[in-house]
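A look at the structure
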Amino acid sequence: MNPPIRRDGGIRRGALERGESPRAWAGIVPVCSRRAPRDRSLLASMRFDSVHIEALGLALPEEITPSTALEKRLRPLYERLGLSAGRLELMSGIRERRFFPAGTRPSDISIQAGRDALERSGVDVSRIGCLIHSSVCRDFMEPATASVVHAELGLPATAEAFDLSNACLGFANAMALCAGRIERREIDAAMVVSGENGGPLVDETVAALLESGVTRRDLKLAYASLTIGSGGSAVILAHESLATKPHRLRGSLTRAATQHHKLCSGDQLQGASGPLMETESEALLLAGNHLAKETWPDFLEELGWKGSDVDRIVTHQVGVQHKRRLFESLNLDHAKDFTTVETLGNVGSVSLPGTLTLAVREGFIVPGHRVAMQGIGSGLHCMMLGLEW
């Protein structure tokens, strides 16, 4: 792919330089507005009758970075463009996010979250038949970062390990994949982990924005990168025959609108200390919410639920504006929502499972609750999972 940010200080415009409108990218086009065919024989594989969530694990860094601290670093740019401090929190609702120390690898984070899950699990580690590392961040191109995690957690040689990456939906995709294998009795239990280290992305973004010639438009394209945080999550799924917890994963459903794949892209430039990302935030919000609106009724139908049956809602944490627009689009009750974006920022694939974990640990989700997990990831993809806690 083309580098998202040029070293001459400008952020590439891509289709914008050709005169295309972001709103046109996010508009209601036939592929996105048409409901997917209802083939029940295919959708039936998304229902799970025997899969339990045995344990959840979490890893959060100690270092807290307020939005005001990032804006202090960007002061030369703000002064040159005539911008006032406080706009980052005002636009995103993010007061702070967390970062790991320099040199922390994604596997280090995933291992920490994985150990937390194993300590809370009543399933013997020897029964785990699959490990998936699902974050955007990876230690290296090869071998799979899952190999590092597998070794450090002492998983059995009978447990396969591999990486799965799908932007912010990787963890949810991995959960559904493992659940299907458990449901079919291919394996007894599985572990999904993710370790997102957003510090290098944020540092590289700030450095790029402080180069000469950066414009308001450049800052807008880099805005989403300044909302990124760090953290790790893990889940252990198990067949009901050996699970010690009553929490069930009942089903999942996905929808794609890949005509919007240009709205967010990231890569690492040669010689750079971290990756860079450019995002058409407004267009991505519009397209993502439209896709979620198309997905929600199919998801409810697939699980045999009504909207009123859902007791709690956990979403991928992007920003307060995104959440507000999503809840308005789906006619959801804000009182059923648990948020972490204000204090953790957007933690990529960790945001959805990490928010679920905190909601459970803080008593917001209790036994008997039906929970809808909703995720939207660049590409563009939407995935929803149904839980009975």
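The structure under discussion appears in the preceding block.
This write-up is about the structure you can find in this document. Residue numbering note: each chain is counted from 1, following its sequence as written. This being a predicted model, a pLDDT of at least 70 is required before a residue's local features are given, and a value of 80 or more before pairs of side-chain atoms are given or counted; all residues contribute to the totals for chains, interfaces and linings. Heavy atoms from the whole structure form the basis of all side-chain values; hydrogens and water molecules are not counted.

1. As for the overall build of the chain
- On a plain count of helices and strands, the chain comes out with 15 helices and 13 strands.
- Scored against the burial criterion, the 389 residues of the chain give a buried share of 57%.
- For the area figures, the Shrake-Rupley method with a 1.4 Å probe applies, and any residue is considered shielded solely by the protein chains shown. Summed over its atoms, the accessible surface of the chain is roughly 16,000 Å², and 51% of this surface lies on carbon and sulfur atoms. A helix here means a DSSP run of H or I that spans at least four residues, while a strand means a run of E at least two residues long, and both kinds are numbered starting from the N terminus. Exposure is judged per residue with a 1.4 Å probe applied to protein chains only, and the accessible area is read against the type maximum: over 50% gives exposed, under 20% gives buried, and values in between give partly exposed.

2. Remarks on the nonpolar core
- Think of a nonpolar core as a cluster: buried Ala, Val, Leu, Ile, Met, Phe, Trp, Tyr and Cys residues, connected wherever their side-chain atoms sit within 4.5 Å. Of all hydrophobic cores here, the largest spans 45 residues; its most connected members are L209, W296 and F299.
- Contributing elements (two or more residues each) for this core: α5 (75-81), α10 (199-209), α11 (216-222), α12 (281-303), α13 (320-330), β12 (370-377) and β13 (381-388).
- Contact partners of W296, with chain neighbours within four places excluded, come to V310, L330, L332, A372, Q374 and M384.
- In terms of nonpolar packing, the next biggest core, distinct from the first, is built from 40 residues, I53, C130, L249 and V371 among them. Contacts are assigned to residue pairs that have any heavy atoms within 4.5 Å of one another.

3. Focus on the packing of aromatic side chains
- Only Phe, Tyr and Trp rings are paired, with Trp represented by its six-membered ring, and only when their centres lie within 6.5 Å; those with planes under 30 degrees apart are stacked, over 60 edge-to-face, the remainder tilted. Tallied over the entire structure, the rule returns three aromatic pairs.
- Both rings, one in F338 and one in F364, keep their centres 5.5 Å apart while their planes meet at 45 degrees; by these two values the pair is tilted. With F338 in the loop between α13 and α14 (341-344) and F364 in the loop between α15 (351-361) and β12, the pair connects residues that are 26 residues apart, well separated along the chain.
- Note on F338: relative accessible area 11%, which makes it buried.
- Every member of this aromatic cluster is reached through a ring pair, and the members are W296, F299 and W305.
- The residue whose ring lies beneath R312 is F364, and the NZ or CZ to ring-centre distance is 4.2 Å.
- Sitting over a ring, as applied to charges here, requires NZ of Lys or CZ of Arg to be within 6 Å of the ring centre and within 35 degrees of the ring normal. Directly above the ring of F327 sits K323, whose terminal nitrogen or CZ lies 5.9 Å from the centroid.

4. Some points on unusual backbone geometry
- Geometrically, the link from E142 to P143 is a cis peptide bond, its omega value of 0 degrees lying close to zero.
- Following the sequence through the fold, P143 ends up in the loop between β4 (128-133) and α8 (145-153).
- The omega angle of the peptide bond from G379 to L380 is 10 degrees, so this bond is cis rather than trans.
- Its location among the elements puts L380 in the loop between β12 and β13.
- Despite not being glycine, N331 shows a phi value in the positive range, around 55 degrees.

5. Focus: the packing of α12 against α13
- In this description, a line fitted to the C-alpha atoms serves as the axis of each element, helices being fitted only across the stretch in contact, and the angle between N-to-C directions of two axes falls anywhere from 0 to 180 degrees. Remark: α12 packs on α13, axes separated minimally by 9 Å, with the N-to-C direction vectors making an angle of 35 degrees. For the pair α12 and α13, the sense of crossing is right-handed. Of α13, the residues touching α12 (which contributes L285, L286, N289, A292, K293 and W296) are Q321, H322, R325, L326, S329 and L330.
- Here the contact of α12 with α13 is built from residues that sort into six nonpolar, four polar and two charged. Here a crossing is called left-handed whenever its near helix is offset anticlockwise from the far helix by less than a right angle, and right-handed whenever the offset is clockwise. Amino acid classes used here: Ala, Val, Leu, Ile, Met, Phe, Trp, Tyr, Cys and Pro are nonpolar; Asp, Glu, Lys and Arg are charged; the rest, including Gly, are polar.

6. So, the pattern of salt bridges
- Take a side-chain nitrogen of Lys or Arg and a carboxyl oxygen of Asp or Glu: if they are within 4 Å of each other, that pair is a salt bridge. Taken as a whole, this structure holds 18 salt bridges when the rule is applied.
- In this structure, K306 engages D309 in a salt bridge whose closest nitrogen and oxygen atoms are separated by 3.7 Å.
- Note that E388 is salt-bridged to R370, the shortest N-O span being 3.7 Å. Here R370 lies in strand β12 and E388 lies in strand β13, a separation of 18 residues in the sequence.

7. Overview of the pairing of β4
- Here β4 lies mainly inside the structure; six of its six residues are buried.
- Two strands qualify as a pair provided DSSP detects at least 2 bridges between them. Where β4 lies against strand β5 (residues 160-163), four bridges are found, and the strand directions are parallel. Along β5, the bridge assignment pairs H133 with D163.
- Seen with its strands pointing away from the viewer, a crossover is right-handed when the path leading from the first strand over the helix to the second is clockwise. Taken together, β4, α8 and β5 form a β-α-β motif whose crossover is right-handed.

8. Overview of the side chain of D139
- Looking at the element boundaries, D139 is found in the loop between β4 and α8.
- We classify D139 as buried; its relative accessible area is 17%.
- A 3.5 Å cut-off defines polar contacts: any pair of N or O atoms within that distance qualifies, except that in protein one atom must be a possible hydrogen donor and the other a possible acceptor, and neighbouring residues in sequence count only when both atoms are side-chain atoms. Among the polar contacts made by the side chain of D139, one reaches the side chain of S107 at a distance of 2.6 Å.
- D139 has contacts with R105, P106, S107, T145 and V148, leaving out every residue within four places of it along the chain.

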